[in-house]
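Breakdown of the fold
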Amino acid sequence: MLAAAAVGLPFRARAAAREIQIAMLLPLQGGQARQAEMIRQGVDGALEQANRAGGIRGQPVKLLAIDNGYQAEKTVEAIGSLAARESVVAVTSLFGGPIIGAAIPAATRAGVPIVGVLHGNDAFRRPGTEIVTHVRATFDAETRAIAALFPTIGRSRFAVLHATDNSGTAFRAQFESVLKAQGLPLVAAVP
């Protein structure tokens, strides 16, 4: 993640600052807060380690944790306001298809790289999304690995639980397609 943030430095073309800031937009309250807090702690620990080693290009790195309420609109607003800050070089650890889908165009307009995306949707890897660095495999790669592994351990019937949003529906369709290509049945799909 730090290497990707360092790549963002020239992209942002920012003046030298006393510290480099990486903004984390995540739901700090509500149903996703526990997952968000675990991610925040992990990134914070990595930045502490990087700072002990001299930071990025000799400058300390600070994490700005901003509550987006797991709302696309708040995420877009935050990216817009972060773009005006000289020391913010990247946004990190976005999760949730609707959040990421709204953030990519906003970050592209603002010139703020997004590093550490936690989503497997292929749509977030299409031309025009080069501003994004991913830390998760695509849904296609994940489902192919699952479909290849499970028969080796005696599993040949599959069911899938999926979100009701566009990403969940896309995941289900992709999973079903991979299974069909391998002659494996999908016995249930539950939204």
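Residues numbered from 1 in each chain as written. Predicted model: local features only at pLDDT ≥ 70, side-chain atom pairs only at ≥ 80, totals over all residues. Heavy atoms only, no water.

Next up on the list: the packing of aromatic side chains. Taken as a whole, this structure holds five aromatic pairs when the rule is applied. Centre to centre, the rings of Phe139 and Phe171 are 5.1 Å apart; their planes meet at 75°, and the pair counts as edge-to-face. Of this pair, Phe139 sits in helix α5 (residues 139-149) while Phe171 sits in helix α6 (residues 166-181), and the two are 32 residues apart along the sequence. For the pair formed by Phe139 and Phe171, the shared burial category is buried. Summarising the aromatic geometry, the rings of Phe150 and Phe158 are spaced 5.8 Å apart at their centres and angled 15° between planes, so their arrangement reads as stacked. Owing to a relative accessible area of 31%, Phe150 belongs among the partly exposed residues under this scheme. (Phe/Tyr/Trp six-rings, centres within 6.5 Å; stacked < 30°, edge-to-face > 60°. Helix = DSSP H or I, 4+ residues; strand = E, 2+ residues; numbered from the N terminus. Buried < 20%, exposed > 50% of the residue type's maximum accessible area, 1.4 Å probe, protein only.)

A few words on the packing of helix α3 (residues 72-83) against helix α4 (residues 97-110). How two helices sit against one another is set out by the angle between their axes and by the gap between those axes. For the pair α3 and α4, the least separation of the axes is 9 Å and the interaxial angle reads 20°. Taken together, the axes of α3 and α4 are roughly parallel relative to one another. Handedness of the crossing formed by α3 with α4: right-handed. Here Ala72, Thr75, Val76, Ile79 and Ala83 of α3 lie close against α4, whose contacting residues are Pro98, Ile99, Ala102, Ala103, Ala106, Ala107 and Ala110. Looking at the contact of α3 with α4 residue by residue, the classes come out as eleven nonpolar, one polar and no charged. (Axes fitted to C-alpha atoms, helices over the stretch in contact; angles between N-to-C directions. Parallel < 35°, antiparallel > 145°, perpendicular 65-115°, else oblique. Left-handed = near helix turned anticlockwise from the far one by under 90°. Contact = heavy atoms within 4.5 Å. Nonpolar A, V, L, I, M, F, W, Y, C, P; charged D, E, K, R; others polar.)

Taking 1.5 Å per residue, 20 residues should reach 28 Å; helix α2 (residues 33-52) reaches 28 Å between its end C-alpha atoms and fits that length. Looking only at α2, the buried set comprises Ala33, Ala36, Ile39, Val43, Leu47 and Ala50. The buried residues of α2 occupy an angular sector of 125° when projected down its axis, which confines them to one face. Turned more than 90 degrees off the buried face of α2, the exposed positions are Arg34, Met38, Gln49 and Arg52. Looking at the residues trailing α2, positive phi occurs at Gly54, about 110°. (Expected span 1.5 Å × (residues − 1). Arc of directions from axis to C-beta.)

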